Structure formats: structure tokens, C-alpha cells
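Each chain, written out:
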There are 2 protein chains.
Amino acid sequence: MVHASNERRPTLEAVAARAGVSRATVSRVVNGGAGVRGEVRERVRRAVTDLGYVPNSAARSLVTRRTGAVAVVIAEPETRVFADPFFGRQLRGISRELSAADTQLLLLLQETRAGHERIGRYLSAGHADGVLMFSLHRDDPLPAMAEASGLPTVYGGRPGWAGAERALYVDTDNRDGARQAVRHLRARGRRRIAVITGPLDQTSAQDRLDGYRDALDPATADPRLIADGGFTAQGGERAMAELLAAAPDLDGVFVCSDLMASGALRTLRAHGRRVPEDVGVVGYDDLDPAAWTDPPLTTVRQDVEEMGRLMARLLLRRLAAGPGAARDEPAPVVTPATLVVRESG
Amino acid sequence: MVHASNERRPTLEAVAARAGVSRATVSRVVNGGAGVRGEVRERVRRAVTDLGYVPNSAARSLVTRRTGAVAVVIAEPETRVFADPFFGRQLRGISRELSAADTQLLLLLQETRAGHERIGRYLSAGHADGVLMFSLHRDDPLPAMAEASGLPTVYGGRPGWAGAERALYVDTDNRDGARQAVRHLRARGRRRIAVITGPLDQTSAQDRLDGYRDALDPATADPRLIADGGFTAQGGERAMAELLAAAPDLDGVFVCSDLMASGALRTLRAHGRRVPEDVGVVGYDDLDPAAWTDPPLTTVRQDVEEMGRLMARLLLRRLAAGPGAARDEPAPVVTPATLVVRESG
DNA sequence: ACGCGGCATGAGAGCGCTCTCAATCCTTTC
DNA sequence: GAAAGGATTGAGAGCGCTCTCATGCCGCGT
């Protein structure tokens, strides 16, 4: 049954009148029907479909103090969010898990510099039951907003700010992944191995740089071999150009994301360096673009979708447990990283 | 002021008590403060910040019948949503415009085949004041859901289903854009011009194909020169391979999206065809990837971000006008398309 | 036949907010 | 100085739903 936008939608009261029962009984049926006689339940169900009744969510969450929704906050300009397949994949995992639990996903984008203020207000207004937050930078104001809202929060990536010891998060073993990448380059005989990092105020970027250092022959360490590509394709392009200028003799690059690696490959080609003959390249993420580059990218695989799913699952567990539940308290999760060898290095 | 998650957030009542006024007065101040004496207003404001009061949105929208949120529904699997920069750009425009009007954006993704059912329920439950919907296919059940919910709706792309004559939408002149692309290829001396289309149950894809036919020399029309690339990169790759097999003598391709064009370029390279020497390629969209391909892509520009902004603006006007307002009724918008010549054709 | 436990149902009190309407208080004007 | 008129403020009735508690009904044991 369709309602014109000006006529009011039917309420519980209306359904109750039609089914010849009380509001309370209709409410019980709508919420599962436990404790209602089969015959009555059917009668109410019929009234519901006849009238096209849909519960008013505002009224419901006013009394239950639950919204059935989880906010996903991404601390990046949309430019990056939609340019980097990483977010899409993670979101997909989250989305899958949430909808299985019949929970709505609210995507909050931070448009402006001051956007966190809006987001904080939104969270505090009680639009969501919990928060998933990722891609955080060291002195991002967002975690404080989440904290202030009092909502259970799960972070994507290990939080790096002070006082985050008790935070719940899902991360991959970035440091180990980086080690594998660099070891692989060394095993293939590369001696001058550079690195293109992400923004170092993110723990994932810092951890990968640390892993690079771990696996490097200390004798070949050289600050000129390190450049920041900001986790964007253009950044990777630029960083690669800088590296080639500062250390023309480099023969390997570990690029801390596939997206940056695609940029780096372009620069290498433009400079006439052949990959992998002259320079070996290893990326990080193993998202779709990795297989599409020319040549296909050797990279470090992290199951991004699974990470998203884990984040959601952690949060749902937390929500189900209730505010003060100490037993069965969920704990942070760290997933492994594995090297995928293709043709670039 | 931060509240532990178990202690209740302060209510209007609490603020009123602290400021020594009535609930009604606090409500006035919170909603702008019109008609409240300056001194009282200040006192209330102080009480608000002292207590860290944030209005409960459920209670508010229960009475106002407004949520301050707009739902954006994308009728595609997330795989496409996050792989195609088109959506990101459009969303960005929408997001900009909405946040300027202090309206929240709710992104609803359709995960499963049956996802529209969930979405319909969500819309009907009154979580949003209006709907923005794009990338619709001919017999998509989503518009019916939007219709049933009674919410004002604006579509991205001209709706193609029956009974959509009165629908509000924003579109570009796809047919004209396609004509320009094909005319350009002809002007460069191409005689056997193929086309890689999107899914033809979308009006944008059909319109571009029509434009291709308009501009083609009728004498050279040939069904073997038409292939469907499904608006994805892999689809473009595959379609290009099919075309080369069916018509090895082709010397030009009009590819109906940049993403598909990037795939087509890969296939051409793999088959040893030089671009633009052997085959001229023109894309559609002019999104970031267009400039990054090798060679950079000649393409048809549509201002996707602006389209998003226009969609949001249209919806906001509609919402502001109220349900039955006939005066100043917003009308569909069609934006122009322009050719951007780079190196691929 | 009576009382009791258990299940199904209804009555009614809110959840936190907005908004109408009446009451109050100042000015202003004659 | 008093009445009129406008600006402030407060009281109170809901918005639609959930949930507790009281009530009514049944079959059971004694």
C-alpha cells in the first residue's frame, strides 16, 4: 500500500484498531511476536500489511535508546576515500557484516578541515549506536569526538595517540609485511633499495617504514632513499621522481601502497627505467589495481575486506555485551600479511 | 564535558533547571534563540555548554517529522561504487552541497540482490527527509521503493522506466557528448569506428550509443563494431578484445567511460596496436584516470561534481518548498558535455 | 469446588522534544 | 495615569513507540 506524502503514515494505534487488539500486542508482533497467540499474531500481521505499516524509527529509538545504525567515519578528504580502493574494500567488509546483523551503515565524510566538529555533534546527537573509524592521523581530533560521544568505538589501524591503550582496533602486521617486501627485493639481488612511505603520522605508514629498516642491510641505509608519497597516486609519482634525483643508482623500491606504486611505475617509465630489469618494485595492499599495472605488481597482501568485517564484528560484539560488561570483552585483532610475487620485482 | 556511557545525557529539562527557565525557553535558544531576551539567552547558552547538552535527535524528529538527513542510494554493488571514480565525484558534489545546508548524508549501499527490500524499509521508516538515487537500471525496483516511501526523490541520470515523466532528475547531454566524440574521430580520418557501450538498460548508456549512431557515417555502420563493456575496467578490456576479433580493421573506438577506456587501452597494447597511430580512442567522463592513462585520453567532459551538487540543490529546494508546493516547482536539469582533446585520438 | 501458577492481553506511564496558547511584563500612547 | 499592544515566558499537550505491571483467563492439583 502506498501513501501520498501528505497523508500520515499509519501508526501502531491504527493497526491495533484494525486488528481489534491493543497497541501493546501489535508492538509485540512487530518485534517478533513472542507471547502472542498464533491466531492473533496472524490477524495483526495481516493488518500490518493491509495498512502498509512501518514502525517510526524516531519514536522507537526515543524509547529504546538504540538506533540500529553504526557510523563509519573516515578521516580523509573524499578525494582520497574514493580514489583509493582500500577504503572501498574495507567498507565492503563492514557493510557485509553489518547488514547480516540488520544494522544500518552510516557513512560520515569529513568534508572540511572543521568537519570533525559536525561529526562530533552528529555522534553525540545519538544517531548511531557505535562508531567505526579509520585512517587516523596522529593528532586527529576525531577520536576525542568519539570518546566524548560516549559511543563504543572500533578503530581501523592501531591508534597512535597517547591514551589509546585501551582502544579496540583491527590492524595488519604492517611491520612484518614490510620486512617481507624488502627481504624479497634483497633476495633478488637489489642493493640500493629505496622506500616510498605514507604519511608518517599514521601508524600503518610508520610501521611499514620500521619494517623496511628492520630488513635492510644496515650498511646500505641512506636517508636519501626515503621519500613520502602521502598514500596517493600523484604522491607516488612525485616521490619516485625525488628518489631518482637524489639516488640515481637505486635498483629497488618498496612502495607502501599499490596506488602510490602505480604512480611510481609511471615515473620510472617516464625516466626510461625498465621494471623489473633496472629497478625492482614491490607495492603494498594487493588491491585490484596491483594486478592491472604494467608490469603486474609484486606486493604485500592484506585482506582488507576481512579487516572491515572484523571491525564490524568487534563493534557488534561490544554493542551486544552492553555498556559495562566485563566478561567476554573483545580484544584488538592483528591479521597477518603475505607477499604476493608477480612481475615488477 | 564528557559523559560516561552509562550515565544519561542531560536533557532539555536539566538545562532548563540549571538556567532557571522553562523547557520551552531552552528549546528556543537551542533552535536559534529568536524571541528570547539577550541576557536569558546567554544564561541558557552557558548552561548548555556547562552540561555538555546535545539535543536528542530521535525526540526531535519524532515531533518535527524531519531528520535533517538525506539518503543517497546507489543501485550498484559496492565493487563498482568504489572502483569507479564517477560515484566518488558525484558523491563529493552532493556532500558539499548538503553540508552547506547542514544536512547529513546517509549512504545506503545495496549489498545483495534483495538489498532493495532493506533499503525500502529503511526509507519508509523515516530515517531521511529525501532521497538521491543514481545509476538506475531499467527495471530496478528501487524507484518504486522511493515512491512507496513517499519521500521526495531526485535521480541522477534521466529515468528510463515507464511512469517516470514527472520525476526530478539531473543529467548531462549524453547523446550530444557521444556525437562530439565520434565526429572528432571522423575528423581525424577514422573510417571504421567501433563503440564500447555501458549496460544498455541505463539511459546514459543508451543515449551515448544513440549519439554514436547519429554521428556515424551511415555507410560504415556495422553491428560488429558494437560491444558492451558494462562500465567496468575489465569489461572494457574484454569488449575491446571482442571488437578486435570481430573487426580487426577498426581504426577508432569510442569508449563510453574512462574506466572502460583504460581497460581498452590495455587490450590494444597487448594486441600490439599503437594508440593513436593505429587506433584512435576517445573516452567519456574526464575523471582523473583519463589524464593518467598512457597515452592520455581524449575524452568527453561532464562536470560530475557539479551534477552531484545540482542534485542536492534540487532536493533541498523541494524539501524547503514543502509537500504540496506548486509555485517555484523545481524542474529537471541537463548539463552540457564538452570534448577534451588529449593524445589518444 | 476452590485456589494457584502461568500465559496472553490491555492500560498507562513515560522517552525528550516542539509548539500552541495563555499569562505576564514592558513600553508606548493618549 | 490607564489602556493598548507587543515582546517574553511558561504550562501542557502531544509525537509514536516500548515496557512494566495489573488483569483476566485457562487448566491443574487437591
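It should be noted that the structure appears before, not after, this text.
Keep in mind that this is a model prediction, so the values were computed, not measured.

Relating one copy of the chain to the other requires a rotation about an axis plus a shift along that axis. Least-squares fitting of chain B to chain A yields an RMSD of 0.1 Å, with the superposition described by an axial translation of 0.0 Å and a rotation of 180°. In symmetry terms, the pair is related by a two-fold rotation axis. For chain B, the minimum C-alpha distance to the rotation axis belongs to alanine 58 of chain B and amounts to 2.3 Å.

Turning next to the packing of aromatic side chains. Residue and element names in this part refer to chain A. Taken as a whole and assessed by the stated rule, the structure comprises 6 aromatic pairs over all chains. Between the aromatic rings of phenylalanine 87 and phenylalanine 134, the centroid separation amounts to 6.0 Å while the plane-to-plane angle is 10°, which identifies the pairing as stacked. Linking phenylalanine 87 in helix α6 (residues 85-100) with phenylalanine 134 in strand β3 (residues 130-134), this pair joins segments that are 47 residues apart in sequence. Three or more aromatic residues link up through ring pairs in this structure, and these residues are Phe86, Phe87 and Phe134. Above the face of the tyrosine 284 ring, arginine 208 is positioned so that its terminal group lies 3.8 Å from the ring centre.

Our next topic: the interface of chain B and chain A. With 50 residues of chain B in contact, the opposing surface of chain A contributes 50 residues. Contact between chain B and chain A buries roughly 4600 Å² in total, counting both sides, with carbon and sulfur atoms accounting for 53%. Among the residues of chain B in contact with chain A, Phe82, Arg118 and Trp292 of chain B are the three that bury the most area, contributing 15% of the side total. If you look at where chain B meets chain A, you find 2 salt bridges. Close ionic contact of aspartate 102 of chain B with arginine 118 of chain A constitutes a salt bridge, the shortest N to O distance being 2.9 Å. Broken down by secondary-structure element, the contributors of at least two residues to the side of chain B that touches chain A are α4 (57-64), α5 (78-83), α6 (85-100), β2 (104-109), α7 (115-124), α8 (142-149), α11 (233-246) and α12 (258-270) of chain B.

Residue and element names in this part refer to chain A. Its location among the elements puts arginine 80 in helix α5 (residues 78-83). For arginine 80, a relative accessible area of 11% puts it in the buried group. In this structure, arginine 80 is in contact with Phe87, Ser135, Phe231 and Thr232, ignoring residues within four places of it in sequence.

What follows covers the protein's contact with DNA strand C. In the vicinity of DNA strand C, 29 residues are found, and the nearest of them are Thr25 and Arg65 of chain A together with Leu12, Ser27 and Tyr53 of chain B. Counted by atom, the contact set of DNA strand C within 4 Å of the protein is 66% sugar and phosphate. For DNA strand C, a base oxygen lies 3.1 Å from a polar atom in the side chain of arginine 23 of chain B. At the level of elements, α2 (23-30) and α4 (57-64) of chain A together with α2 (23-30) and α4 of chain B are the ones that each hand at least two residues to the surface near DNA strand C. By residue class, the composition of the surface near DNA strand C is 13 nonpolar, 8 polar and 8 charged.

The next thing to look at is α2 of chain B. Residues and elements named next belong to chain B. For α2, the full list of buried residues reads Thr25, Val26 and Val29. All buried residues of α2 lie within an arc of 100° about the axis, which places them on one face of the element. Buried residues belonging to α2 abut α1 (12-19) and α3 (38-51). Directly beyond the C-terminal end of α2, a positive phi value near 125° is found at glycine 32.

The next subject is the sheet that holds strand β6 (residues 193-197) of chain B. All names here are of chain B. Reading across the sheet, the 6 strands line up as β7-β6-β8-β9-β10-β12 and stay open at both edges, with mixed pairing between neighbours. Each edge of the sheet is formed by a strand with only one pairing partner; in this case those strands are β7 (226-228) and β12 (338-340). For this sheet, the mean angle separating the axes of adjacent strands, direction not counted, is 20°. Of the strand pairs in this sheet, strand β10 (residues 298-301) and β12 are connected by 3 bridges, and their pairing is antiparallel. Pairing of arginine 301 across the sheet is with threonine 338, part of β12.

What follows concerns the sheet that holds strand β12 (residues 338-340) of chain A. All names here are of chain A. Spatially, β7-β6-β8-β9-β10-β12 is the arrangement adopted by the 6 strands of the open sheet, whose pairing is mixed. Either end of the sheet is taken by a strand with one partner, and the two such strands are β7 (226-228) and β12. Sheet twist, expressed as the average angle between the axes of neighbouring strands with direction ignored, equals 20°. Bridge count for strand β8 (residues 252-255) against strand β9 (residues 280-285) is 3 bridges, and the pairing is parallel. Looking across to β9, one finds that glycine 252 is bridged to glycine 280.

Residues and elements named next belong to chain A. At their nearest, the axes of α2 and helix α3 (residues 38-51) sit 10 Å apart, and the two run at 85° to each other. As summarised for this structure, α2 and α3 are arranged roughly perpendicular, according to the angle between their axes. Across from Thr25, Val26 and Val29 in α2, the residues of α3 making contact are Val40, Arg41, Val44 and Arg45. Its residues placed into classes, the contact of α2 with α3 shows 4 nonpolar, 1 polar and 2 charged.

Parameters and conventions
- Residues numbered from 1 in each chain as written.
- Chains lettered and ligands numbered in written order.
- Predicted model: local features only at pLDDT ≥ 70, side-chain atom pairs only at ≥ 80, totals over all residues.
- Heavy atoms only, no water.
- Least-squares fit on C-alpha atoms with pLDDT ≥ 70 in both.
- Phe/Tyr/Trp six-rings, centres within 6.5 Å; stacked < 30°, edge-to-face > 60°.
- Helix = DSSP H or I, 4+ residues; strand = E, 2+ residues; numbered from the N terminus.
- Lys NZ or Arg CZ within 6 Å of the ring centre and 35° of its normal.
- Contact = heavy atoms within 4.5 Å.
- Buried area = accessible area lost by both parts, 1.4 Å probe.
- Salt bridge = Lys/Arg side-chain N within 4 Å of Asp/Glu carboxyl O.
- Buried < 20%, exposed > 50% of the residue type's maximum accessible area, 1.4 Å probe, protein only.
- Near = heavy atom within 4 Å.
- Polar contact = N/O pair within 3.5 Å; in protein donor to acceptor, adjacent residues only side chain to side chain.
- Nonpolar A, V, L, I, M, F, W, Y, C, P; charged D, E, K, R; others polar.
- Arc of directions from axis to C-beta.
- Pairing = 2+ DSSP bridges.
- Axes fitted to C-alpha atoms, helices over the stretch in contact; angles between N-to-C directions.
- Parallel < 35°, antiparallel > 145°, perpendicular 65-115°, else oblique.

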